Amino acid sequence: MIKANYPVNKLKEIQTPFYYYDLDVLRSTLQEINEQTANLNFQVHYAMKANVNPSVLKTIMEAGLGADCVSGGEVQAAIDAGIPASKVVFAGVGKADWEINLGLDNDIFCFNVESIPELEVINELAGAKNKKASVALRINPNVSAHTHHYITTGLNENKFGINMSELDKVTDLIKTLPNIHLVGIHFHIGSQITDMSSFQALCVRINELQEYFENRGIKLKHINVGGGLGINYEHPNHFPIPDFESYFKVFSHHLSLHDDQTLHFELGRSVVAQCGSLISKVLYVKEGTSKKFAILDAGFTELIRPALYQAYHRIENLSSDLPEEKYDVVGPICESSDTFAKDYSMNGTKRGDIIALRSAGAYGEIMASQYNLRKLPKAYTSDELK
Ligand SMILES: *Cc1c(COP(=O)(O)O)cnc(C)c1O
């Protein structure tokens, strides 16, 4: 079994469980994004909800990415991290008044608006401040992302965005709202998308919509295609960096962008997933009647994706070279869903072994909870442990 090249002796000394971020992997990922988008009218915003660890965020800010936020807390965190407000976009179906006001006070780049009532509230709140709010309409393109149903967002049955059948009504309304400035359109069809044809279908839909807006005499300066690029959870050692080249090429080949338009992206998982691992120790190896359980000191409180979406994370025993055996790898939480993997082959395992749950940089630490009154774990970076 090929394993991550981690400083195991240092990791062994730290109280588990904790998150470990390999900042060199993150920097290479960011460099690849910047190389693939250089000399194009492309702007990448990091989807903050994937991970807001301060060291991770600082590294992303230094690479020049903007921020995609889905709450007031994230807008504040982006600005506190030094990301310029002119690169901050703010989406979400349920923006509270204080969150809208925070965006207005900071003059963020734009609100991605998801409904007619939200448009009216932003107009009113902007009016009270004598401001004009820049907005992009989040349109539900009714394009399938071919991914887990919990993380598909671009179908008519999903709660997100404005349906295409409502566009006449919305564009008529905008003409009557003095404190709204329509700057573009926005989409986000789902997450962990590995089939590029989903993005291609999105491009085709956007081209149709561009024509629709042009026919109505509306000029759009910005097209935002959201995020969703998937990563390779099976082979993080072979594919530490997602295929950004193919991803960005889909858009340069299939989306008809005008010269004066900027294309925006909101990438979360693909930026940070592979740089992070959840590091845990084996508490007990328990012999069941027909199987062995490796009971870890980490559970779904530290990494909820397997319990929530039946997600696969690669598991490596960093301290064993023994022949592989099969284990059900489970956590200590009092719920049967607290299982990371069943019948999973890893090197022969004993109490005290150090285990890496890979590809945990996205939707790991940020979704941690204190259920069972557990402590929120700490995080360490490769820079600190060098
Ligand atoms: C979650 C989210 C993203 C990022 O999705 P990833 O799959 O992590 O790239 C981008 N835009 C919006 C609006 C989101 O809600």
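Quick caveat, the model's predicted, so the values are computed rather than measured.

Asker: Teacher, can you tell me more about the site of the ligand here?
Answerer: Taken together, 16 residues form the shell around the ligand, and within it Lys49, Ser191, Glu266, Arg269 and Tyr363 come nearest. Glu266 places a side-chain nitrogen or oxygen 2.6 Å from a nitrogen atom of the ligand. Take Gly268: an N or O atom from its main chain is 2.9 Å from an oxygen atom of the ligand. Protein coverage of the free-state accessible area of the ligand, which is 380 Å², stands at 95%. By residue class, the composition of the shell around the ligand is five nonpolar, six polar and five charged.

Asker: Explanation requested: the packing of helix α2 (residues 23–37) against helix α9 (residues 244–254) in the structure shown.
Answerer: Angle between the axes and distance between the axes are the two parameters that describe a pair of packed helices. For the pair α2 and α9, interaxial distance at closest approach is 10 Å and the crossing angle is 30°. By the angle between their directions, the pair α2 and α9 is classed as roughly parallel. In this structure, α2 crosses over α9, and the sense of that crossing is right-handed. Contacts between α2 and α9 involve Thr29, Glu32, Ile33, Gln36 and Thr37 from the former and Phe244, Glu245 and Phe248 from the latter. Within the contact of α2 with α9, the residues separate by chemical class into three nonpolar, three polar and two charged.

Asker: Looking at this model, I keep getting lost on the nonpolar core. Mind explaining?
Answerer: The tendency in soluble globular proteins is for nonpolar side chains to be buried side by side. Grouped together as the largest cluster of nonpolar side chains are 96 residues, with contacts concentrated most on Phe111, Leu119, Leu137, Phe251 and Phe265. Ranked by the residues each element gives to this core, the list is headed by helix α8 (residues 196–215), at six residues. Each of two domains, domain 1 (24–271) and domain 2 (274–381), supplies a minimum of three residues to this core. Residue contacts for Leu119: discarding those within four places in its chain leaves Val113, Val135, Leu137, Val170, Leu173, Ile174, Leu177 and Ile180.

Asker: How do you make sense of the pattern of salt bridges when you look at a structure like this?
Answerer: Once the charged atoms of two side chains with opposite charge are near each other, the side chains can pair. The full count for this structure, using the stated rule, is 21 salt bridges. The closest approach of N and O atoms between Glu316 and Arg358, which form a salt bridge, is 3.1 Å. Of this pair, Glu316 sits in strand β13 (residues 315–317) while Arg358 sits in the loop between β16 (354–357) and β17 (379–381), and the two are 42 residues apart along the sequence.

Asker: So what exactly am I meant to see when it comes to the domain arrangement of the chain here?
Answerer: Reports of interface size often rely on the accessible area that becomes lost once the parts have come together. Considered domain by domain, the chain is made up of domain 1 (24–271) and domain 2 (274–381). Here domain 1 and domain 2 share an interface that buries about 1900 Å² over both sides, 56% of which is from carbon and sulfur atoms. When the area that domain 1 buries against domain 2 is broken down by residue, the three leading residues are Tyr233, Pro236 and Arg269, summing to 28%. Put simply, domain 1 and domain 2 have seven residue pairs in polar contact (both at pLDDT 80 or more) between them.

Rules used throughout
- Residues numbered from 1 in each chain as written.
- Predicted model: local features only at pLDDT ≥ 70, side-chain atom pairs only at ≥ 80, totals over all residues.
- Heavy atoms only, no water.
- Near = heavy atom within 4 Å.
- Polar contact = N/O pair within 3.5 Å; in protein donor to acceptor, adjacent residues only side chain to side chain.
- Areas by Shrake-Rupley, 256 points an atom, 1.4 Å probe, with all protein chains shown as cover.
- Nonpolar A, V, L, I, M, F, W, Y, C, P; charged D, E, K, R; others polar.
- Axes fitted to C-alpha atoms, helices over the stretch in contact; angles between N-to-C directions.
- Helix = DSSP H or I, 4+ residues; strand = E, 2+ residues; numbered from the N terminus.
- Parallel < 35°, antiparallel > 145°, perpendicular 65-115°, else oblique.
- Left-handed = near helix turned anticlockwise from the far one by under 90°.
- Contact = heavy atoms within 4.5 Å.
- Core = buried A, V, L, I, M, F, W, Y, C linked by side-chain atoms within 4.5 Å.
- Buried < 20%, exposed > 50% of the residue type's maximum accessible area, 1.4 Å probe, protein only.
- Domains from an automatic or database assignment.
- Salt bridge = Lys/Arg side-chain N within 4 Å of Asp/Glu carboxyl O.
- Buried area = accessible area lost by both parts, 1.4 Å probe.

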